[in-house]
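# Report on the structure
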Amino acid sequence: PLSEELLPLTELGFLAGIAFQIQDDLLNLEAEEVLYGKESAGDLWEGKRTVMLLHFMRTARQPLHSQALRILAAQRRAKRAEDIAWLLGAMIEAGSLEHGRVLAREYSERALEADARALASAEDSDDRRFLREMIKYVIERVK
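Residues numbered from 1 in each chain as written. Predicted model: local features only at pLDDT ≥ 70, side-chain atom pairs only at ≥ 80, totals over all residues. Heavy atoms only, no water.

## Overview of the overall build of the protein
From N to C terminus, the protein includes eight helices and zero strands. When its helices and strands are written in sequence order, the protein yields α-α-α-α-α-α-α-α. Counting over 143 residues, the protein shows a buried share of 36%. In the protein, once contacts between residues fewer than 6 apart in sequence are set aside, the share between residues at least 24 apart is 65%. Element-wise, carbon and sulfur atoms account for 56% of the exposed surface of the protein, whose accessible area totals about 8,800 Å². (Helix = DSSP H or I, 4+ residues; strand = E, 2+ residues; numbered from the N terminus. Buried < 20%, exposed > 50% of the residue type's maximum accessible area, 1.4 Å probe, protein only. Contact = heavy atoms within 4.5 Å. Areas by Shrake-Rupley, 256 points an atom, 1.4 Å probe, with all protein chains shown as cover.)

## Thoughts on unusual backbone geometry
For residues that are not glycine, phi is negative in most cases, and the peptide bond is trans in most cases. The omega torsion of the bond from Q62 to P63 falls at 0°, within 30 degrees of zero and hence cis. Inspection of the secondary structure assignment puts P63 in the loop between helix 4 (51-59) and helix 5 (64-73). Phi angles above zero are rare outside glycine, and A41 is one such case at about 60°. Within the secondary structure layout, A41 lies in the loop between helix 2 (33-36) and helix 3 (42-46). According to the relative accessible area criterion, A41 is buried, its value standing at 5%.

## Some remarks on the environment of M52
Relative to the elements of secondary structure, M52 occurs in helix 4. Along the backbone, M52 and L29 are 23 residues apart, and their C-alpha atoms lie at a distance of 9.5 Å. Contact partners of M52, with chain neighbours within four places excluded, come to I22, D25, L26, L29, M91, S96, L97 and G100.

## Observations concerning the pattern of salt bridges
Enumeration over the complete set of coordinates arrives at eleven salt bridges. D43 serves as the salt-bridge partner of K48, at 3.8 Å between the closest nitrogen and oxygen. Residue K48 is classed as partly exposed on the basis of its relative accessible area of 45%. Of the residues examined, D43 reaches a relative accessible area of 9% and is grouped as buried. The shortest N-O distance in the salt bridge between E46 and R76 comes to 2.6 Å. (Salt bridge = Lys/Arg side-chain N within 4 Å of Asp/Glu carboxyl O.)

In structure tokens form, the structure reads like this:
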């Protein structure tokens, strides 16, 4: 049936979507606000549970873990810029952003492999090349 034929394309979209979201979350932490077009470290201000934050919370030892929990538990209006800067610095130091970069690359590569499997019998075309370039762009974008 058609649903079985579309399964590899669904997998490709799923994997590319994960890579895109991780990269978007990384940009929120790393990109210059002017280029990115959104508030820098806004995800930390909002307390969003990103892959990078989860990595940090899973690997942080005391007292870093408790300090991070205190910051994250605070209402946005009660957070201070120096607390967010500390949390971001601690995450960088712990390798949490690098962890996110590695995951984004892995999911992007898996999406490219899914493209090769899904469309193995399809002839190479401008549309396929566009799809592959879009998947690569996901982890190279700056905004």
